[in-house]
Amino acid sequence: MAKMDCKIGNDVVGKVLNYKHLPEAQKLINRALDGTIYGQKTGDAVQKYEVDIYCSTAARRNAINSASNECTEVTIVLRDGITEVTGIIEDTTIEWKEWVDGHGVGKFTLTEV
């Protein structure tokens, strides 16, 4: 398997442990009085990714937190090592499991821009 990195600009700040593609459809669904269902597409699907990340130092973990707070673009390199997804972290807080020396594993949702 190719390496999966998480980058802010050109700096690698973490390793992507896992990701899940979760596109969010933009549509309205209505049901008429006779039971007929009507659907209307209101826009293209919003591409979202649930990302699990490992940061080896507290500084790298803080860089991810800062990117989330400041709406900085984050890039993840997917499994093939070529495809990159750039987006904004949509969570207001990132869920971290931290260790004493500062490294940690976090989870966030990335919305593609």
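Data block above holds the structure.
In every chain, residue numbers begin from 1 and rise along the written sequence. Under the rules for a predicted model, residues below a pLDDT of 70 receive no local features and side-chain atom pairs below 80 are neither given nor counted, while totals for whole chains, interfaces and linings still include all residues. Side-chain measures here rest on the full set of heavy atoms in the structure, leaving out hydrogens and waters.

**Student:** Before we move on, could you go through the overall build of the protein and cite the residues and values that matter?
**Tutor:** Secondary structure follows DSSP: runs of H or I at least 4 residues long count as helices, runs of E at least 2 residues long count as strands, and numbering of each begins at the N terminus. Of the regular secondary structure elements, the protein holds one helix and nine strands. Going residue by residue from the N terminus, the α and β elements of the protein occur as β-β-β-β-β-α-β-β-β-β. For this measure, only C-alpha atoms enter the radius of gyration; the expected value for a globule follows 2.2 Å times N^0.38, where N is the number of residues. Taking 13 Å as the expected radius of gyration for a compact globule of 113 residues, we find that the protein reaches 17 Å, considerably beyond that expectation. Across its three principal axes, the protein shows a C-alpha extent of roughly 65 × 30 × 25 Å. Burial analysis of the protein (113 residues in total) assigns 34% to the buried set. In what follows, residue pairs with any heavy atoms lying within 4.5 Å of each other are defined as contacts. Summarising the internal contacts of the protein: among those between residues at least 6 apart in sequence, 58% fall at separations of at least 24. Under the convention used here, a 1.4 Å probe and the Shrake-Rupley method define accessible areas, while residue burial counts only the protein chains that appear. Summed over its atoms, the accessible surface of the protein is roughly 7100 Å², and 49% of this surface lies on carbon and sulfur atoms. Positive residues here are Lys and Arg, negative ones are Asp and Glu, while His and the chain termini are left out of the count. A single reference atom marks each charge: NZ on Lys, CZ on Arg, CG on Asp, CD on Glu. Averaged over its 13 positive side-chain charges, the protein has a centre that lies 5 Å from the centre of its 17 negative ones. Buried means the residue's accessible area, taken with a 1.4 Å probe over protein chains only, is under 20% of the maximum for its type, while exposed means over 50%, and partly exposed covers the values in between.

**Student:** Got a sec to walk through the packing of aromatic side chains? Specific residues and values, please.
**Tutor:** For Phe, Tyr and Trp, rings pair up if their centres lie within 6.5 Å, where Trp contributes its six-membered ring, and each pair is then called stacked (planes under 30 degrees apart), edge-to-face (over 60) or tilted (otherwise). Going through the model one piece at a time under the given rule, you end up with one aromatic pair. Each ring, one from Tyr19 and one from Tyr49, has its centre 6.2 Å from the other, and the planes form 50°; the classification is tilted. Highlighted residues: Tyr19 in strand β2 (residues 11-21) and Tyr49 in strand β5 (residues 48-55), separated in sequence by 30 residues. Both residues of the pair, Tyr19 and Tyr49, count as buried.

Limitation: the analysis is restricted to geometry and does not speak to function.
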